[in-house]
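Next come the chains, spelled out residue by residue.
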Amino acid sequence: MAKAATKKRVFKGLSLLALSGVLLSSPLRAQSGSDDVPVGYTTPIPSELLTPDTVQTSIGTFNFFDGMPDPATVRKTFENLKFIRGYETFLTLMPAASIEMLRHGHEQIGVDDHTKVNLMSPLNSNPLFLTGNTDTVYGSAFFNLKETGPLVIEVPAGLGPGTINDAYFRFVADTGGPGPDKGKGGKYLILGPEDKQPSNTDDFFVFRSPTYSNWLILRAFLDDEGKPDKAVANYENGLRMYPLSQKDNPPKMTFIQGGDKVFNTVHANNFEFFNELNRVIQREPIDFLDPEVRGLAAGIGMEKGKPFNPSAADRVLLEEAVQVGVAYVRSDMVTPRAADAYIYKGNPQWFTAFAGGSYEWLKDGGQGGRNLDARNNFFWAYTVNTPAMVLEMIGAGSQYAIAGTDSQGENLDGGKTYKLTIGKNPPAKDFWSIVVYDPQTRSQLQSSQPFPAKNNKRNKDMVVNADGSVDVYFGPKAPKGKEANWIQTLPGKGWFMAFRLYGPLKPWFDQTWKLNNIEPVL
């Protein structure tokens, strides 16, 4: 019996590393159990069911007595669980906090209901606005369907791509060129979560949003002289928003020039993020998020109808969770992990914000689930979620290519000089543009140039090469004779850029026209 008892004490007291060596050396035995009967049992027990007395992990040592944790282990595991839930809440619900801060930023400059529109004509580097474009004329407004009921939006003819996103940054509708009005203008009727559809909607393009708060972002283009005046007049004379109940006497619209104002639309990267998110949770209908996602927020004490008031210790832990999340998204920002983010095979410089060609970031049409890295990458640095930025829409919509490294794979340095050659005949029906961004704010880089950008409509003085190509230079000083083709960067700061095509044409999609790499100028 003594010999048998010795054999029974197979795993008792082993560390996890020792146990893993046993399991790995005997995989078939581990999966099927063994002839050994551990102490305290009357039958053989599969080894993979047993927890050793000591487990070494990256967050510390766990101690157990017969599978029961000691108090220190209990404390560590629950602290770690709250950290994980805080981290996942930051990443998973970033879209909600991002669009909430867009709403709040508009409110700061007086655009606080559906009768007011922020005209950014154009947008310069004063506002903090995720990867905003200097070269389109934005009309931007927020509306609350709980307050208005069914809302009518009259979109004038001649606008470019427009989009409505809900309070979780989900796609609701496109307007303008990619929308059902096809650029000819029309009336849109937006229904809220509880609104009944009117019996007669023949005059409307009807869409329903799952949230109360929604963002309308419209784009118009500069004229052939590179001026915004015609676009502004089109907004002021044609854009109307009013409750359906007021269709016979619509309220007057107010248009506020916000393109050069100082205001912030970017979510916080510390504990304040959770307060921004909590405003959304409290305002929106409870089922705008599914129970699984709501459970993440509830796991850190954030629930609709209840105060969010974490303890001092929890605030410290949640602050750390945000900082770890920020480190992750910054690591992925200009060198995405998603292989299908890169536009050109074998070229790790140019990438798309919609990896996998899906505005929902679905892998293999959903067979591979959602590409969470790609989704996080987008909402960290970009705004406006629409299939019009993804689908092959010849002559409509828009396409984007992002780069934050040079041809050598090094991060772009504001103290160095670089050159990007845009090949002749860029495939854009409307125009192409380049805008430079600050990696800290993901907004336009602030320098002595209020518009850190070049485009082929406004910047008609750019020097064109004999073969039709255009060299664009980036650096702290303009190369001699290249001032018209130069975008200023700043020593001691990094930068990244977006190349945009509005009204992209077939050569972009079939890649018979390709972007060159950004090259250091030695």
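The structure this text deals with has already been given above.
As the structure is a prediction and not an experimental result, all values here were calculated from the model.

Thresholds, definitions, all that
- Residues numbered from 1 in each chain as written.
- Predicted model: local features only at pLDDT ≥ 70, side-chain atom pairs only at ≥ 80, totals over all residues.
- Heavy atoms only, no water.
- Pairing = 2+ DSSP bridges.
- Helix = DSSP H or I, 4+ residues; strand = E, 2+ residues; numbered from the N terminus.
- Phe/Tyr/Trp six-rings, centres within 6.5 Å; stacked < 30°, edge-to-face > 60°.
- 1 Å grid on protein atoms, 1.4 Å probe; cavity = no way out; pocket = protein on both sides within 12 Å on 5 of 7 lines; lining within 4 Å.
- Points joined across faces, edges and corners; volume = space filled by probe spheres on them.
- Nonpolar A, V, L, I, M, F, W, Y, C, P; charged D, E, K, R; others polar.
- Expected span 1.5 Å × (residues − 1).
- Contact = heavy atoms within 4.5 Å.
- Salt bridge = Lys/Arg side-chain N within 4 Å of Asp/Glu carboxyl O.
- Buried < 20%, exposed > 50% of the residue type's maximum accessible area, 1.4 Å probe, protein only.

**Q** How should I be thinking about the sheet that holds strand β15 (residues 418-422) in this particular structure?
**A** Strand pairing in a sheet relies on backbone hydrogen bonds, with the paired strands running either antiparallel or parallel. Read from one edge to the other, the open sheet built from four strands follows the order β19-β18-β15-β21, with strand pairing classed as mixed. Two strands in the sheet have a free side with no partner beyond their single neighbour: β19 (486-488) and β21 (519-520). Judged from the three bridges that link them, strand β18 (residues 470-475) and β19 form a sheet pairing that is parallel. Across the sheet, residue Tyr473 finds its bridge partner in β19, namely Trp486.

**Q** It is not clear to me how the packing of aromatic side chains should be interpreted in this structure. Could you clarify?
**A** In this description, an aromatic ring pair is defined by two values, namely the gap between the centres and the angle between the planes. By the definition in use, this model includes 30 aromatic pairs. Here the aromatic rings of Phe271 and Phe274 are separated by 5.8 Å at their centres, their planes lie at 55°, and the arrangement is tilted. When the centroid spacing of 5.1 Å and the interplanar angle of 50° are considered together, the rings of Trp361 and Phe378 count as tilted. Here Trp361, found in the loop between α10 (312-332) and α11 (372-381), pairs with Phe378, found in helix α11; they are 17 residues apart in sequence, far enough to count as distant.

**Q** Sorry, what's going on with empty space enclosed by the protein here?
**A** Vacant regions in the atomic arrangement are exposed by a probe of water-molecule size rolled over the atoms. Summed over the entire model, instances satisfying the criterion amount to four cavities of 30 Å³ or more. For the largest cavity, the calculated volume is near 220 Å³. Considering the residues around the largest cavity, the lining is formed by 21 residues, among which Thr131, Thr383, Met389, Tyr400 and Arg500 are closest to the centre. Classifying every residue of the lining of the largest cavity by side-chain character gives 15 nonpolar, four polar and two charged.

**Q** Is there a simple way to think about α10 in this case?
**A** With 21 residues, α10 should reach 30 Å at 1.5 Å per residue; the first-to-last C-alpha distance of 31 Å fits that figure. The secondary structure elements touched by the buried residues of α10 are α4 (71-92), α5 (94-108), α8 (272-283) and α11.

**Q** Explain the pattern of salt bridges here, please?
**A** Once their charged atoms are close, side chains differing in charge can pair, the charge on each being opposite to the other. Per the counting criterion, the structure on display carries 16 salt bridges. A salt bridge links Asp135 to Arg458; the nearest nitrogen and oxygen atoms lie 3.0 Å apart. One end of the pair, Asp135, is in the loop between β4 (116-120) and β5 (136-144); the other, Arg458, is in the loop between β17 (453-455) and β18, with 323 residues separating them in the sequence. Owing to a relative accessible area of 1%, Asp135 belongs among the buried residues under this scheme. The partner of Asp373 in a salt bridge is Arg337, with the nearest N and O atoms 2.7 Å apart. On the criterion of sequence distance, the pair formed by Asp373 in helix α11 and Arg337 in the loop between α10 and α11 is long-range, its members being 36 residues apart.

Note that every value here comes from positions in space, so none of it alone points to a role or purpose.
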